[in-house]
Amino acid sequence: MKTVQFNNTVLRDGHQSLAATRMTTAQMLPAAPILDGMGFAGLETWGGATVDSCLRFLGENPFDRLRALKKAAPQTPQIMLLRGQNIVQYTSFPDDVVEAFIRADAAAGQDIFRIFDALNDTRNLITAIKTVKACGKHARGEICYTTSPVHTVEAFVKMGIELRAMGCDSIGIKDMSGVIAPRVAYDMVAQLRQRVGLPITLHTHDTAGLGASSYLAAIDAGVDIVETSIAPFANGTAQPDTLRMLALLEGHPRCPSYDREKLAQLREYFTGVYKELGKFTSPDNERVDSDTLIYQVPGGMLSNFRNQLKEQNMADKFEQVMSEIFHVREALGWIPLVTPTSQIVGTQAMMNVKFGRWKTIAPAAADIALNKYGRPPGTVSAELIKLIFDRTGQKPVEGRNADALPPRMPKLREELAAKNLPTDDEACVLHAMFPQEFAKLHAPKVAAPATPVVVASPPAAAAAPAPASHAAAPTGPGKRYRLTVAGQTTEALVEELN
Ligand code: CO
């Protein structure tokens, strides 16, 4: 078997998982040429929560970030994480907005699109896959891994076969919670190789301490690529560190050779950045969290819930809320816990404990039950469907949600023109997803902490980069969601899990 390859995630999932997605473009650029010279199969730099964070917290245009990184690291394919029909938001967008987004992103330099749907409903992936292929780019169809009575290796392999038929260039196993066991990773990779035949990438998190072992097992089974990061933006809730993974593979026939001296330099550089982002980091995210195995929910969700329950004076209800998550998941057809479903399930579980089971139903939870996010993998509780009907008169919808959404691009352009804002596709898609934040980006700069995107001349590849010289944007981590149902307001402080 060939040498295994690594993708590097430090510029996206590494800081999303450990520093609330706050790494700025200026902090990335000094490292970009060195990362580019490593020979990684890909650099994950974009998508997930980065677009939101650029606009909301960093005062950056996310497309400018991509162009700057592309210029600073031109040799290595750049990867983005795309939430299918939700693009990089929480709800479905019409096909014309999804298409415009992908075209704009491809034009800005994106090479590989990791495309997933939180419910593994492939109808929510088809527009994205088709458009990526039409742009001549690489479509990596992602299978969201989770554990439940309906999530079997066989079901995941069937999804892989479907993704191949839809035109994907490769298959990704996306273990956002870091709960895939080494033996399961081995079986899934072996089966997918045999029955799908496309290149396979495994993406996991080291939250529960399984990540590196699961990579090793997947490598034994023939996985083509695994995704690692650079410490200190590695391990814990992020991907295993590259140097650590290389040490684990020492003497393995598939061990790749990546320059360890340069890796040490990158580590030194990112240690400086990690310190600069100190107010967004937490030891809770850095340690192995076996609670995630006990409760079978993502680590990031656990840490957020501890905070949220404290705020709600419900800290003593932690165990109850955690076991309620099981009930809510089951009632909603065993949906995987990943953005946005992790937030919705968690909030509903909290409301069930606070107000009584299903006494208050979060609109988003009702929408999942009514198939508005797609087809849940299992059967939605008939009792819950009846409750929603009795209270709201709504029935489950059939068909693909986006089919019911009229095209929006012309309207988006008009809205922007009326505000004297740019009206190109990039502007339209950002305005569609983040209207206030996008407008703020173009507002006269007063106190905005806009970070100038400076494409530094690449430092000599061997030279240790200088630490970035500015401080992090002064904003609190996490996001607050307010759900008001029947006059009762519940807030959820959530973190995005990807
Ligand atoms: Co991830």
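Residues numbered from 1 in each chain as written. Predicted model: local features only at pLDDT ≥ 70, side-chain atom pairs only at ≥ 80, totals over all residues. Heavy atoms only, no water.

1. Some words on the overall build of the protein chain
Looking only at helices and strands, the protein chain has 22 helices and 10 strands in total. Looking at the protein chain as a whole, 60% of its 498 residues are labelled buried. Of the roughly 18400 Å² of accessible surface on the protein chain, a fraction of 54% belongs to carbon and sulfur atoms. (Helix = DSSP H or I, 4+ residues; strand = E, 2+ residues; numbered from the N terminus. Buried < 20%, exposed > 50% of the residue type's maximum accessible area, 1.4 Å probe, protein only. Areas by Shrake-Rupley, 256 points an atom, 1.4 Å probe, with all protein chains shown as cover.)

2. Here we look at the packing of aromatic side chains
Overall, the coordinates contain 9 aromatic pairs when judged by the stated rule. Aromatic side chains Trp46 and Phe63 sit 5.2 Å apart centroid to centroid with 45 degrees between the ring planes, which places their arrangement in the tilted category. With Trp46 in strand β2 (residues 42–47) and Phe63 in helix α5 (residues 62–72), this pair connects stretches of sequence that are 17 residues apart. Overall, the relative accessible area of 0% leaves Phe63 in the buried class. Through pairs of rings, three or more aromatic residues link up here, namely Phe233, Tyr269, Phe270 and Tyr274. (Phe/Tyr/Trp six-rings, centres within 6.5 Å; stacked < 30°, edge-to-face > 60°.)

3. Considerations on the confidence of the model for the protein chain
Averaged over all residues, the pLDDT of the protein chain is 89; the fraction at 70 or higher stands at 89%. In this model residues 452–495 is a low-confidence stretch, pLDDT under 50, and it forms 109 contacts with partners more than four residues away in sequence or in other chains. (pLDDT = per-residue confidence, 0-100. Contact = heavy atoms within 4.5 Å.)

4. Quick word on the environment of Met409
Among the secondary structure elements, Met409 is positioned in helix α20 (residues 409–418). Sequence separation between Met409 and Pro94 is 315 residues; the distance between their C-alpha atoms is 9.0 Å. Residues in contact with Met409, not counting those within four places in the same chain, are Asp96, Val97, Ala100, Asp425 and Cys428.

5. Observations regarding the sheet that holds strand β5 (residues 138–144)
The 8 strands lie next to each other as β1-β2-β3-β4-β5-β6-β7-β8, forming a closed barrel whose pairing is parallel. Each strand axis lies, on average, 30 degrees off the axis of its neighbour in the sheet, ignoring direction. Pairing geometry for strand β6 (residues 170–174) and strand β7 (residues 200–203), over 4 bridges, is parallel. The residue bridging Ile173 from the neighbouring strand is Leu202, located in β7. (Pairing = 2+ DSSP bridges. Axes fitted to C-alpha atoms, helices over the stretch in contact; angles between N-to-C directions.)

6. Brief notes about the pairing of β5
Of all 7 residues in β5, 6 are buried; the element is thus mostly enclosed. In the sheet, strand β4 (residues 112–115) pairs with β5 via 4 bridges, with the strands oriented parallel. Its bridge partner lying in β5, Ile112 is registered against His138. For the handedness criterion, the β-α-β arrangement of β5, helix α8 (residues 153–165) and β6 is classed as right-handed. (Right-handed = clockwise from strand over helix to strand, strands pointing away.)

7. With respect to the packing of helix α6 (residues 95–107) against α20
Packing of α6 against α20 brings their axes to within 9 Å, and their N-to-C directions diverge by 70 degrees. The angle between α6 and α20 places the two elements in the roughly perpendicular class. Contacts from Asp96, Val97 and Ala100 in α6 reach Met409, Pro410 and Leu412 in α20. Taken together, the residues of the contact of α6 with α20 sort by class into 5 nonpolar, no polar and 1 charged. (Parallel < 35°, antiparallel > 145°, perpendicular 65-115°, else oblique. Nonpolar A, V, L, I, M, F, W, Y, C, P; charged D, E, K, R; others polar.)

8. Topic: α5
The element α5 is extensively covered by neighbouring structure, given that 8 of its 11 residues are classed as buried. When we look at burial in α5, the residues that qualify are Pro62, Phe63, Arg65, Leu66, Ala68, Leu69, Lys70 and Ala72. For α5, the capping residue at the N-terminal end is Asn61, with a side-chain oxygen 2.7 Å from the backbone nitrogen of Phe63. (Polar contact = N/O pair within 3.5 Å; in protein donor to acceptor, adjacent residues only side chain to side chain.)

9. Quick word on the nonpolar core
A general tendency of soluble globular proteins is for nonpolar side chains to be buried together. Core analysis: the largest hydrophobic core is formed by 101 residues, its most contacted members being Leu35, Phe101 and Phe270. With 7 residues, α6 is the single largest residue contributor to this core. If we ignore the near neighbours within four places in the chain, the residues touching Phe270 are Val10, Leu11, Met23, Ala31, Leu35, Ile230, Ala231, Pro232 and Phe233. Core analysis: the next-biggest nonpolar cluster, separate from the first, contains 42 residues, Phe116, Met301, Phe318 and Ile388 among them. (Core = buried A, V, L, I, M, F, W, Y, C linked by side-chain atoms within 4.5 Å.)

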